[in-house]
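# Descriptive structure summary
Take a look at the letters that make up each chain.
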Amino acid sequence: MTQYNRKVLVLFAHPSIERSEVNVELFAASQQVPGVTAVELYRDYCTLQIDIDREQQRLLAHDVIVFMFPLYWYSTPPLLKEWQDLVLEYGFAYGPDGVALHGKTFLCALTAGGPQSAYCEQGYNKCSLRELLRPLEQTADLCGMRVLAPFALFGSGTAVEEDRLHCHVADWRRVLEALRDDQLDLHRAMGLSTLNGHLPDLIGATA
């Protein structure tokens, strides 16, 4: 069995996967990368009853934690928020004895309906994507994780008709493989606005 440098966990949350053109392709690509564990939360928890012990064991068994989701009203779909509230318990993920996630790597892989130009102080949304993601990033930071810039597809509603999806999915596979093989410059990736557009500079240098 092939041994990889780092174990990657993708937690995918989409409440209407049957209507998805973009996220379904990103999740399928994640499932196809050897050494990556891809979990569809809405399939596993269709009754919304989250198995806390199971999810905590998943976190313990992996080095890189990815939240994959469509941006819903500047936040995550509700099940992913419920997952955070229940799984990231005091004494496990934070607090004096909550060190289970210390040293792990965290990032969001998300889709946003608006164009990239909308995510800035002068744009429609009046702030950057990373500012919108600050609650998630602060949660990961509180848990002792290293927080990378997000991997984002802007204008997701027109990505298929504009023929942008194929390249985006291919780049996502490159990111997962680089994370798995410890070939992504994590320090630099922490300071970017998004990972997109910087992959040639990020991949190939051991973190």
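Throughout, a residue's number is its position along its own chain's written sequence, starting from 1. For a predicted model such as this one, the threshold for reporting local features is a pLDDT of at least 70, and the threshold for listing and counting side-chain atom pairs is 80 or more; totals across whole chains, interfaces and linings nevertheless cover every residue. The basis for the side-chain values is all heavy atoms of the structure; hydrogens and waters are excluded.

### Topic: the overall build of the chain
Condition: Labels follow the DSSP assignment, with helices taken as runs of H or I lasting at least four residues and strands as runs of E lasting at least two, numbered in each case from the N terminus. Computation of the radius of gyration draws on C-alpha atoms alone. For the globule rule, the value is 2.2 Å times the number of residues to the power 0.38. To sort residues, take the accessible area from a 1.4 Å probe on protein chains only and compare it with the maximum for the residue type: under 20% means buried, over 50% means exposed, and anything in between is partly exposed. In what follows, residue pairs with any heavy atoms lying within 4.5 Å of each other are defined as contacts. All accessible-area figures derive from a Shrake-Rupley calculation using a 1.4 Å probe, and residue coverage is judged against the displayed protein chains alone.
Helix and strand counts for the chain stand at nine helices and six strands. Computed over the C-alpha atoms, the radius of gyration of the chain is 16 Å, within 12% of the 17 Å expected from 2.2 N^0.38 for a compact globule of 207 residues. Projected onto its principal axes, the C-alpha positions of the chain cover 45 × 40 × 35 Å. The buried share of the chain, taken over its 207 residues, is 49%. Of all intrachain contacts in the chain linking residues separated by at least 6 positions in sequence, the fraction that spans at least 24 positions is 71%. Working note: accessible area of the chain is about 10,300 Å², and carbon and sulfur atoms make up 50% of it.

### Details of the packing of aromatic side chains
Formally: Aromatic contacts are taken between Phe, Tyr and Trp rings whose centres are within 6.5 Å, Trp giving its six-membered ring; a plane angle under 30 degrees counts as stacked, one over 60 as edge-to-face, and the others as tilted.
Counting across every chain of the model gives five aromatic pairs. Ring geometry for Phe67 versus Trp83: centroids 5.6 Å apart, planes at 90°, classification edge-to-face. Within this pair, whereas Phe67 is found in strand 3 (residues 64-70), its partner Trp83 is found in helix 4 (residues 78-87), the two being separated by 16 residues in sequence. The pair formed by Phe67 and Trp83 is uniform in burial state, with each residue classed as buried. Taken together, a centroid distance of 5.3 Å and an interplanar angle of 80° make the contact between Tyr90 and Tyr94 edge-to-face.

### Examining the packing of helix 3 (residues 52-60) against helix 4
Put simply, the rule reads: Axes here mean lines fitted to C-alpha atoms, for a helix over just the part in contact, with angles spanning 0 to 180 degrees between N-to-C directions. Here the angle decides the label: under 35 degrees means roughly parallel, over 145 means roughly antiparallel, 65 to 115 means roughly perpendicular, and every other value means oblique. Residue polarity follows a fixed list, in which Ala, Val, Leu, Ile, Met, Phe, Trp, Tyr, Cys and Pro are nonpolar, Asp, Glu, Lys and Arg are charged, and the others, Gly among them, are polar.
One way to put it is that helix 3 packs onto helix 4 with a least axis distance of 10 Å and a crossing angle of 90°. Taken together, the axes of helix 3 and helix 4 are roughly perpendicular relative to one another. Taken together, the residues of helix 4 that come into contact with helix 3 (itself represented by Ile52, Glu55, Gln56 and Leu59) are Trp83, Leu86 and Val87. Considered class by class, the residues forming the contact of helix 3 with helix 4 number five nonpolar, one polar and one charged.

### A word on the pairing of strand 3
Selection criterion: Convention used here: a crossover is right-handed provided that the path from the first strand, over the helix, to the second strand proceeds clockwise when the strands point away from the viewer.
Counted residue by residue, strand 3 has seven buried out of seven residues, so it is predominantly covered. Residues Val64, Val66, Met68 and Pro70 point to one face of strand 3 and Ile65, Phe67 and Phe69 to the other, with burial holding for every one of them. In terms of handedness, the path from strand 3 via helix 4 over to strand 4 (residues 105-111) forms a crossover that is right-handed.

### Description of the nonpolar core
Where we set the bar: Among buried residues, those of type Ala, Val, Leu, Ile, Met, Phe, Trp, Tyr and Cys that are joined through side-chain atoms within 4.5 Å constitute a nonpolar core.
Among the nonpolar cores identified, the biggest contains 38 residues, and Leu41, Leu59, Phe67, Phe69 and Trp83 are the most heavily contacted of them. In terms of residue count, the dominant contributor to this core is helix 4 (four residues). With residues near it in sequence (within four places) discarded, Phe69 still touches Ala13, Asn23, Ser75, Thr76, Pro77, Leu80, Cys108, Ala109, Leu110, Thr111, Leu133 and Leu136. Residues Val36, Ala178, Leu179 and Ala189 belong to the second largest nonpolar core, which totals 34 residues.

### Thoughts on the pairing of strand 1 (residues 8-12)
To keep things clear, this is the line we draw: DSSP calls a pair of strands paired once it identifies at least 2 bridges connecting them.
With five of five residues buried, strand 1 is to be regarded as a mostly interior element. Neither face of strand 1 is open: one carries Val8, Val10 and Phe12, the other Leu9 and Leu11, and all of them are buried. Pairing of strand 1 with strand 2 (residues 36-40), which is carried by five bridges, proceeds in the parallel orientation. Bridging across to strand 2, Leu9 finds its partner in Thr37. Where the polypeptide runs from strand 1 across helix 1 (residues 23-32) and back to strand 2, its parallel neighbour, the crossover connection is right-handed. As defined by bridge partners, strand 1 adjoins strand 3 across five bridges and the pair is classed as parallel. Looking across to strand 3, one finds that Leu9 is bridged to Ile65.

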